[in-house]
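A closer look at the structure
The primary structure of each chain is shown beneath.
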Amino acid sequence: MSDQSNSHWLDDPGTPKRLWTIFIVVLVLLLIAELFVTHHHKGFMFNYGFSAWFGFLVGGVSILLSKGWKKILKRKDTYYDE
Amino acid sequence: MSSLLFHPALPIIVGAFLILRLTGTARSVILLGTPLVSLAFIWMTADGVLLAIPYMEWTLEPFKADKLSRLFATVFAIMAFAGNLYALKQEKVLELFAANVYIAFSLGVVFAGDLITVFIFWEMMALASSTVIFSAGTSTARAAGMRYMMVHLLGGVVLMAGIAGEVAVTGSIAFTSMLPDTLPRALILAGFLLNTGAPPFSAWVPDSYPEASYSGMVFLSAFTTKTAVYVLARGFPGAEILIFIGLFMIFYGIIYGLCENNARKMLGYSIVNQVGFMVTAIGIGSAMAINGAVAHAFAHIIYKALLIMATGSVFYVTGKRKFTEYGGLFRTMPLTAICCIIGGLSISAFPFTSGFVAKAMTSEAAYLGQYYWVWYLLAAGTAGVFLDVGIKLQYFVFFGKDSGLRPPEPPLHMRTAMVFFAVLCVGIGLVPQQFYQLLPYSLDYEPNTPDHIVTQFQILLFSGAAFFLFLKYYGWKLVESLTLDFDWFYRVWGHKLAVTFTENSGSARDSIIEDLSKGANATIDGIHHRHGPDGILARTMPTGRMVFWAIIMLAVYLLVDFVFM
């Protein structure tokens, strides 16, 4: 079960850079695509680009909140066994 | 009474008893066949009260059907089929028996027409599901099962108190739509909410479910929390407090999920998070919102079971459950990885998946009901779920740092169950209108519009961008730890209180027993003193004295005879 010989294209050193490039292209395409769609509802949440920056903000805040929460309440995973 | 023979719970409960005796192919046929028979019964069942039993001054309705109960029953039967398929080779017969009894009782709840019948099946579900946890057989499972049972029995007591109060106030046992405007109704609501994983008792879900076996958790994830969603949707639509409780659950699940190092426990937090969306929708209470809640419950049972099957498969083949022990498993488990990713995309409401077409209705209902702040928080919740289960789970189990583990894929029946559910996740997402026809309310709503798809992709992928940027520049340090939760109060303080009580009450008990035994001894001594062998009333007389007194009596007799005759 511990055979490390299997190699995979995902292990290629250039892969992370390629994946980042593809990811950024997709994000840009999504921002461009929104120019061509009509929102069915009105309101601040349907302004151009709202979902993009809101998603990014929520992602960042969630990570920071969880890191902070963990800092306060983290215990060894054998805490209740002792 | 003959309608009872067609109750959808019946085939499954009969099957549960049969599998105790059967082995091999016969057992497999029963495990896979009974949910299908049950499904046929569900769709043959007409609307209305199908069985009524007079009980004291009320009428119990143990079998009552409508569109809402049929929808939940349908997904329960599908889940029973896939769960039994996944657990086909499970050697712990007790687990399979308890799981099938548990499924039958949850069908009992969704077809119950009155509060007493709901309560009876509700409590039986708690016992059966505890047995599923116990049957894992480990010491941690026994302890977690006990904590699980304690919390649920507490919920049962609260629910019973509420039902008794409701009957006392209204004189009715009918299970209909109500608001928590009286104390009994508030207690009923609290009893129901406990099973959803609502605060402050949310921790029972991540505490207990992961301790079940690889297949046990699959069953557990589907029924308790979803029957709770069902009873809330039927009993408390539009109870506004549910909006606040549901939103709390959403963010509780995300934050704790991001902190968690145990993959199975993280999925437990994710159950609370997802049920939070449903509870929020029930709190909004409009037809669109209720459709959203129950569609979400339907979709969630499938994608959450898929995720738990995939992580259960990893647990099954590696024996490990922590992110710190995983990494790079996609190399030898590509099918499991693909199924897990499909589950992850579904739970994150990715366009063209079941999660997207289900959750969309809740956001739409929040917007149409002018709960704009709820709309924003639901959107934030969706982005958070993607970080949690959509990315973190997948990344650290299947990709990330190579752990060197090269486990094989799980057996064929487990792979088949996963593929079946993965196909359903995508299928429901592709043909939402057919899915919507199952919902309680007929509404004209199309989720797959270009604006909705584009903005949903934006919110998810930009949230993902935040994760990957964080990962790239700061790294994501995985540590073997747990994060304290509300259960700390009863696992640490509750334990201390119990120990202190036992010690103090022990000395009080000893002194009471001492006093009582002193009193009892004094009484016994008193009786012994008078009636014992040396007692005055039990003393034996010497023969000489007897003769003496006999002579005296004879002499008196002679004297009397001489004087008076």
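Just so it is clear, the structure is predicted and the values come from calculations on it, not from any experiment.

How each quantity is defined
Residues numbered from 1 in each chain as written. Chains lettered and ligands numbered in written order. Predicted model: local features only at pLDDT ≥ 70, side-chain atom pairs only at ≥ 80, totals over all residues. Helix = DSSP H or I, 4+ residues; strand = E, 2+ residues; numbered from the N terminus. Rg over C-alpha atoms; globule rule 2.2 N^0.38 Å. Buried ≥ 20, exposed ≤ 12 C-beta atoms within 10 Å, placed from the backbone. Contact = placed C-beta atoms within 7 Å. Pairing = 2+ DSSP bridges. Axes fitted to C-alpha atoms, helices over the stretch in contact; angles between N-to-C directions. Parallel < 35°, antiparallel > 145°, perpendicular 65-115°, else oblique. Left-handed = near helix turned anticlockwise from the far one by under 90°. Domains from an automatic or database assignment. Core = buried A, V, L, I, M, F, W, Y, C linked by C-beta atoms within 7 Å. Expected span 1.5 Å × (residues − 1).

Things to note about the overall build of chain A
What chain A contains, in helices and strands, is two helices and one strand. In terms of overall dimensions, chain A is more spread out than a globule: its C-alpha atoms have a radius of gyration of 21 Å, far above the 12 Å expected for 82 residues. Projected onto the principal axes, the alpha-carbon positions of chain A cover approximately 55 × 40 × 20 Å. Residues classed as buried in chain A amount to 16% of the 82 residues present.

Some details on the overall build of chain B
When helices and strands are counted, chain B shows 20 helices and three strands. Taken over the C-alpha trace, chain B has a radius of gyration of 32 Å; the compact-globule value for 565 residues is 24 Å, which it surpasses by more than 25%. Along the first, second and third principal axes, the C-alpha atoms of chain B reach 140 × 55 × 50 Å. When the 565 residues of chain B are sorted by exposure, 54% land in the buried category. Long-range pairs, those at least 24 residues apart, make up 80% of the contacts in chain B with a sequence separation of at least 6.

Section: the pairing of strand 2 (residues 58-65) of chain B
All names here are of chain B. One ladder, built from six bridges, connects strand 1 (residues 48-55) with strand 2; its direction is antiparallel. When the sheet's bridge partners are listed, L51 is paired in strand 2 with F63. Between strand 1 and strand 2, which pair antiparallel one after the other, the connecting turn spans two residues, and M56 there sits at a positive phi close to 50°.

Comments concerning the interface of chain B and chain A
The interface is formed by 42 residues belonging to chain B together with 39 residues belonging to chain A. Of all elements in the fold, only helix 10 (241-259), helix 15 (372-398), helix 18 (450-474) and strand 3 (481-483) of chain B reach the threshold of two or more residues within the side of chain B that touches chain A. Relative to strand 3 of chain B, strand 1 (residues 74-76) of chain A is paired through three bridges, and the arrangement is antiparallel. The residue bridging A:R75 from the neighbouring strand is B:L482, located in strand 3 of chain B.

Concerning the packing of helix 5 (residues 115-134) of chain B against helix 9 (residues 216-235) of chain B
All names here are of chain B. It is at 10 Å that the axes of helix 5 and helix 9 come closest, and there the two elements cross at 160°. Considered as vectors, helix 5 and helix 9 are oriented roughly antiparallel to each other. Crossing angle aside, the handedness with which helix 5 passes helix 9 is left-handed. Residues V118, M125, S129, V132 and I133 of helix 5 pack against G216, F219, L220, F223, T224, T227 and V231 of helix 9.

Thoughts on unusual backbone geometry
Note on backbone geometry: most residues besides glycine have negative phi, and most peptide bonds are trans. Residue and element names in this part refer to chain B. Residue P200 follows P199 across a cis peptide bond; omega there is 5°. Along the chain, P200 turns up in the loop between helix 7 (183-194) and helix 8 (204-208). At F352, a position not held by glycine, the phi torsion is positive, near 70°. Mapped onto the elements of the fold, F352 is located in the loop between helix 13 (334-347) and helix 14 (354-368). We classify F352 as partly exposed; it has 17 C-beta atoms within 10 Å.

Digging into the domain arrangement of chain B
Taken domain by domain, chain B comprises domain 1 (237-263 + 270-481) and domain 2 (490-564). A separation of 76 Å is found between the C-alpha centroids of domain 1 of chain B and domain 2 of chain B.

Some points on the packing of helix 1 (residues 9-21) of chain B against helix 4 (residues 93-110) of chain B
Residue and element names in this part refer to chain B. At a minimum axis distance of 8 Å, the contact between helix 1 and helix 4 shows a crossing angle of 170°. Taken as axis vectors, helix 1 and helix 4 run roughly antiparallel relative to one another. Two packed elements cross with a definite hand, and for helix 1 against helix 4 that hand is left-handed. Of the residues in helix 4, those touching helix 1 at A9, I12, I13, G15, A16, I19 and L20 are V93, L96, F97, N100, V101, I103, A104, L107 and G108.

A word on the nonpolar core
Residue and element names in this part refer to chain B. Formed by 196 residues in total, the largest nonpolar core has its most connected members in Y102, A305, L306, M309 and F421. It is helix 12 (residues 287-318) that contributes the most residues to this core, 21 residues altogether. If near-sequence neighbours (up to four positions away) are discounted, F421 is found in contact with A82, I302, A305, L306 and M309.

Structural notes on helix 13 of chain B
Residues and elements named next belong to chain B. The end-to-end C-alpha separation of helix 13 is 20 Å, in line with the 20 Å expected for 14 residues at 1.5 Å each. Of all the 14 residues making up helix 13, ten are buried; the element is thus mostly covered by neighbouring parts of the structure. Of the positions making up helix 13, those classed as buried are T336, A337, C339, C340, I342, G343, G344, L345, S346 and I347. Of the residues one or two after helix 13, A349 is the one with positive phi, at around 60°.

A short note on the environment of B:M149
Residues and elements named next belong to chain B. Assignment of secondary structure puts M149 in helix 6 (residues 139-170). You can call M149 buried: it has 20 C-beta atoms within 10 Å. Expressed as a C-alpha distance, the spacing of M149 and S130, which sit 19 residues apart in the sequence, is 6.0 Å.

Describing the environment of B:P11
Residue and element names in this part refer to chain B. Checked against the element boundaries, P11 lands in helix 1. On the neighbour-count criterion, P11 (25 C-beta atoms within 10 Å) is buried. Distance from P11 to N100, taken between C-alpha atoms, is 10.0 Å for residues 89 residues apart in sequence. Setting aside residues up to four positions removed in sequence, P11 forms contacts with T34, V37, S38 and F41.

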